[in-house]
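Topology and contacts: notes
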Amino acid sequence: IICWYDFMGILCWWLCKILHKKRSIIALNILLKNRKSLKNMVARILYKTALKSPYLKATVTSKEYGDWVNDLLGIKAKYALLHDIYHARYNINYQGIIQQNSVFCGGRNGRDWKFLLNLASDMPDVQFNIVLPKDKYEQYKSTFGENVEVKTEISELDYLQFMCQSAIVLMPLETEAPAGLIAMFQAAANQKMIITTETVTTREYFKNNRGILCKNEINKWKEQIRYWLNRPNETIKYAEKFRSFLGRECSERKFAKNIWHIVTELKT
């Protein structure tokens, strides 16, 4: 049983255990987070037992994140490295105007919206173009400054065009777990350099000058944003290097090949 949603794989393992069914299960892309909620505490208990089983194979999008999960749960599970999929169709061949001195951030999972809006407040001369979920819009709408243009619940094409109008893409994150990768892949496909939070996941993708990794400290982000807004030609080189990596290591073909390898290992 191959489960695209990792928690479904964990639940399948528990159901098989309760019903005494022998099944080999693959749980794709573990997304466990370290939160103090009751829901997360229960999830850690369920994951901890299942991940130790020889009948369940889990994948991670970053080797370091797998080590982080093991430390969180106090286990020594072995994970298969399986990068997220990069699709060439993310490139929309945008030919429009790029707004000078502008940055973009959009998406849902794991974004540190409070940090981003604090950045916007501290940089009134920089245009912040943002796409966020409706609930986050309602939460933060009183904090939007004159240099912030916000959209919510728009189509994928409108989202990509709005991103392409901006000079660089920002992705401040609030979790070590995988978050924002699809948005980052879309940015790379459209020649946008990315500044993102340094985490055990983002280091897998942005090391070796494929993007800019930065701890969530306001002054450091301000320095990086101003530096790269003044070097548009260099940002394209970073974006191209990241896109080349994605085409080589995160293609649909390589994803399928790696899945087949995992299935073959489980069979033996």
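All of the points below concern the structure found in this document. (Residues numbered from 1 in each chain as written. Predicted model: local features only at pLDDT ≥ 70, side-chain atom pairs only at ≥ 80, totals over all residues. Heavy atoms only, no water.)

1. Structural notes on the overall build of the protein chain
Within the protein chain, the regular secondary structure consists of 11 helices and 10 strands. Over its C-alpha trace the protein chain gives a radius of gyration of 20 Å, about what one expects of a compact globule, namely 18 Å for 268 residues. Projected onto the principal axes, the alpha-carbon positions of the protein chain cover approximately 60 × 40 × 30 Å. In the protein chain, which comprises 268 residues, the share counted as buried stands at 49%. Contacts spanning at least 24 positions in sequence make up 70% of the contacts within the protein chain whose residues lie at least 6 apart. (Helix = DSSP H or I, 4+ residues; strand = E, 2+ residues; numbered from the N terminus. Rg over C-alpha atoms; globule rule 2.2 N^0.38 Å. Buried < 20%, exposed > 50% of the residue type's maximum accessible area, 1.4 Å probe, protein only. Contact = heavy atoms within 4.5 Å.)

2. Examining the side chain of His83
Positionally, His83 belongs in the loop between β4 (80-81) and β5 (102-106). Since its relative accessible area comes to 11%, His83 is described here as buried. A polar contact of 2.9 Å, which involves the side chain of His83, links it to the side chain of Glu204. Those residues in contact with His83 that sit more than four places away from it in its chain are Thr61, Glu204, Tyr205, Phe245, Glu249, Cys250 and Phe255. (Polar contact = N/O pair within 3.5 Å; in protein donor to acceptor, adjacent residues only side chain to side chain.)

3. Quick look at the pattern of salt bridges
All chains considered together, the criterion is met by 11 salt bridges. One salt bridge connects Asp67 with Lys63, and the closest N-O pair in it is separated by 3.7 Å. In this pair, Asp67 and Lys63 both sit in helix α3 (residues 63-73), 4 residues apart, roughly one turn of the helix. Residue Lys63 is classed as exposed on the basis of its relative accessible area, which comes to 55%. Close ionic contact of Glu249 with Arg248 constitutes a salt bridge, the shortest N to O distance being 3.6 Å. According to the relative accessible area criterion, Glu249 is partly exposed, its value standing at 23%. (Salt bridge = Lys/Arg side-chain N within 4 Å of Asp/Glu carboxyl O.)

4. Notes on unusual backbone geometry
Not every positive phi belongs to a glycine, and His20 is a case in point at roughly 60°. With respect to the secondary-structure elements, His20 resides in the loop between α1 (6-19) and β2 (25-27). His20 sits in the exposed class, given a relative accessible area of 73%. Despite not being glycine, Asn208 has its phi angle at roughly 60°, a positive value. Relative to the helices and strands, Asn208 resides in the loop between α8 (202-206) and β10 (212-214).

5. Brief notes about the sheet that holds β4
Taken together, the 4 strands give an open sheet; going across it, the order is β1-β2-β3-β4, and neighbouring strands pair in parallel fashion. Looking at which strands have only one partner, the edges of the open sheet turn out to be β1 (2-3) and β4. The pairing of strand β3 (residues 56-60) with β4 spans 2 bridges and is classified as parallel. Directly across from Val60, in β4, lies its bridge partner Leu81. Against the sheet, helix α11 (residues 252-267) engages β1, β2, β3 and β4, with an angle of about 145° to β2. (Pairing = 2+ DSSP bridges. Axes fitted to C-alpha atoms, helices over the stretch in contact; angles between N-to-C directions.)

6. Thoughts on a nonpolar patch on the surface
A cluster of nonpolar side chains, namely Leu15, Ile18 and Leu19, defines an oily patch on the protein surface of about 320 Å² accessible area. One can find Ile18 in helix α1. (Patch = residues over 30% accessible without salt bridge, like charges linked within 9 Å, V, L, I, M, F, W, Y side chains within 5 Å. Areas by Shrake-Rupley, 256 points an atom, 1.4 Å probe, with all protein chains shown as cover.)

7. Thoughts on the sheet that holds strand β9 (residues 194-197)
Pairing between sheet strands relies on hydrogen bonds along the backbone, with the strands arranged either parallel or antiparallel. Read from one edge of the open sheet, 6 strands run β7-β6-β5-β8-β9-β10, paired in parallel fashion. In this open sheet, the two strands that pair with only one neighbour each are β7 (148-151) and β10. Each strand axis lies, on average, 20° off the axis of its neighbour in the sheet, ignoring direction. Note: strand β8 (residues 168-171) against β9, 3 bridges, orientation parallel. Looking at the pairing, Val169 lines up with Ile194 of β9.

Geometric values such as these leave the question of function open.
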